[in-house]
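# Geometric and topological summary
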Amino acid sequence: MICVERTVGLFVLLLFAAACSKNDGQEPSKASDVFEVPAHFPPPVYHVGEVGIGSGGFELGKRLFYDSRLSRDGTISCGSCHAQVHAFADHSSALSVGIDGNISKRNAPALTNLAWYPDFMWDGGINHIEVMPIAPLTDPNEMDNDLSELVNYLQQNTAYPDEFEEVFGSKQIDSQKILLAIAAFQGSIVSYRSKYDDYLTGQSQLSALEMDGKNIFEAQCSSCHSGVLLTDFSFRNNGLDSTFADAGRATITQNEADMGKFKVPSLRNVSLTNPYMHDGRIPTLRQVLDHYSEGIVESKTLDESLRDGLALTEAEKDALVAFLQTLTDYELLGDSRFHEP
Ligand code: HEC
Ligand code: HEC
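Worth saying up front: this structure is predicted, and the values here are computed from it rather than measured.

## What about the overall build of the protein chain?
Tallying secondary structure elements over the protein chain gives 14 helices and two strands in all. Classification of the 341 residues of the protein chain by burial places 53% in the buried group. A separation threshold of at least 6 residues defines the contact pool for the protein chain, and within that pool the share at least 24 residues apart is 67%. Accessible surface for the protein chain amounts to roughly 14,600 Å². Of this, 52% is attributable to carbon and sulfur atoms.

So this is what it looks like as structure tokens:
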């Protein structure tokens, strides 16, 4: 089984043994105190039990996620670019600032409902949740660490060996255990308690304006931003450019037909994850709607459904913004289980 399409070849092999177990359609179960599949969600891609490795793995993963000592110079943690108050997106800049003030290539997306993601990154270059953390840990623009040095560091720490023992039954730390624990934490961040969810489960009503927005959304947007996860996980070109500084999906497939295509992002908590698009070029939701309505740029790979623009009236834009705001999950933002320890 292949779990990664780019990043560090050497480590990839080590990971396969215990890790790769995407869901083959069996019913998931409640596997930890933290992760529960919401009743109105489809089954997740990963067997939750194995991603979750119990709540112990979650706690260890949380410590690692927020520990800046995991970066080469001890200054940057996962949480530096993925902040809970912004649904684990980076709100501070279009392109995130990593180690030594280096600028990352793309905008840091929100991290919610990752257990449902078949692919990660804007170009889908990583396709397993447990391999995912290698990229930021080693990327020279993010944390720029070396996995074997990281293992040594954690092994010499006064607290970590005992914590690994609690979860994995041995004080011996290796890169696979580090990745499993981080996967347990990030895979447990589930956003399912927004006003829109309460509407779907019959616990709340939408206002007339929000309802209008929902209807427009279903007609104009949900062919790509579909279902409760608000994405179909396909790769599309939504008309930002005529030539592509970032080849997007084609970086991975080397296929001309994928030039300028990026993963359709989930719109959960979207009112808090600005700036928008793979490079954070659009500051506000209103401007995103202006883009779809009046700003679509022609190119060979532009999605057919957007070729003529979506021609939204100002009133339709108001309604859409009101609907998009119902996707904010305030419970998640304040959920102390995910706070920095
Ligand atoms: C310097 C900022 C920065 C740091 C630190 C960072 N990330 Fe990210 N993260 C990003 C950016 C930028 C992307 C998008 C990269 C891309 O698509 O090429 C991303 C993407 C991701 C994704 C994919 C989300 C999706 O929608 O596909 C996950 C998961 C993730 N990061 C987890 C982590 C974890 C875990 C850590 C710590 C080990 C971490 N990140 C550290 C900036 C950062
Ligand atoms: C043809 C598929 C498609 C349709 C239709 C579509 N989108 Fe998108 N949307 C995308 C893709 C692909 C991206 C990411 C593009 C990129 O960053 O290069 C995106 C990005 C976004 C973003 C930015 C999210 C973020 O986290 O950066 C918002 C907001 C958004 N779309 C809202 C909408 C709304 C509202 C509609 C309907 C008016 C809509 N989209 C219609 C494919 C689509």
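## With respect to the coordination of the iron atom of ligand 1
Just one protein atom donates to the iron atom of ligand 1; it is His 82 (NE2), sitting 2.1 Å from the metal. Secondary-structure assignment places His 82 in the loop between α4 (78-81) and α5 (134-138).

## Observations concerning the site of ligand 1
Around ligand 1 there are 27 residues in total, and Cys 78, Cys 81, His 82, Met 121 and Lys 263 lie nearest to it. Take Lys 263: an N or O atom from its side chain is 2.7 Å from an oxygen atom of ligand 1. Contributing elements (two or more residues each) for the shell around ligand 1: α4, α5 and α8 (175-187). By residue class, the composition of the shell around ligand 1 is 17 nonpolar, seven polar and three charged.

## A short note on the site of ligand 2
By nearness alone, 25 residues border ligand 2, and Cys 221, Cys 224, His 225, His 278 and Tyr 292 come closest of all. Within the contact set of ligand 2, a nitrogen atom lies 2.9 Å away from a side-chain nitrogen or oxygen of His 225. In this structure, Asn 238 approaches ligand 2 through a side-chain N or O atom, which is 3.4 Å from a nitrogen atom. For the shell around ligand 2, the element with the highest residue contribution is helix α12 (residues 285-295), accounting for four residues. When its residues are assigned to classes, the shell around ligand 2 shows 17 nonpolar, six polar and two charged.

## With respect to the coordination of the iron atom of ligand 2
At 1.9 to 2.1 Å from the iron atom of ligand 2 lie its protein donor atoms, namely His 225 (NE2) and Tyr 292 (OH). Geometry at the iron atom of ligand 2 is octahedral, judged from the six donor atoms that bind it and their angles of 83 to 179° at the metal. Here His 225, found in the loop between α10 (208-220) and β1 (235-236), pairs with Tyr 292, found in helix α12; they are 67 residues apart in sequence, far enough to count as distant. Neither His 225 nor Tyr 292 differs from the other in exposure class; each is buried.

## Some details on helix α13 (residues 314-325)
Counted at 1.5 Å a residue, the expected span for α13 with its 12 residues is 16 Å, and the 17 Å between its end C-alpha atoms agrees. Check the buried side of α13 and you find it contacts α9 (195-200), α10 and α12.

Rules used in this analysis
Residues numbered from 1 in each chain as written. Chains lettered and ligands numbered in written order. Predicted model: local features only at pLDDT ≥ 70, side-chain atom pairs only at ≥ 80, totals over all residues. Heavy atoms only, no water. Helix = DSSP H or I, 4+ residues; strand = E, 2+ residues; numbered from the N terminus. Buried < 20%, exposed > 50% of the residue type's maximum accessible area, 1.4 Å probe, protein only. Contact = heavy atoms within 4.5 Å. Areas by Shrake-Rupley, 256 points an atom, 1.4 Å probe, with all protein chains shown as cover. Donors = N, O, S within 2.8 Å, 3.2 Å for Na, K, Ca; no water. Near = heavy atom within 4 Å. Polar contact = N/O pair within 3.5 Å; in protein donor to acceptor, adjacent residues only side chain to side chain. Nonpolar A, V, L, I, M, F, W, Y, C, P; charged D, E, K, R; others polar. Tetrahedral: all angles 85-135°; square planar, octahedral: opposite > 155°, others 65-115°. Expected span 1.5 Å × (residues − 1).

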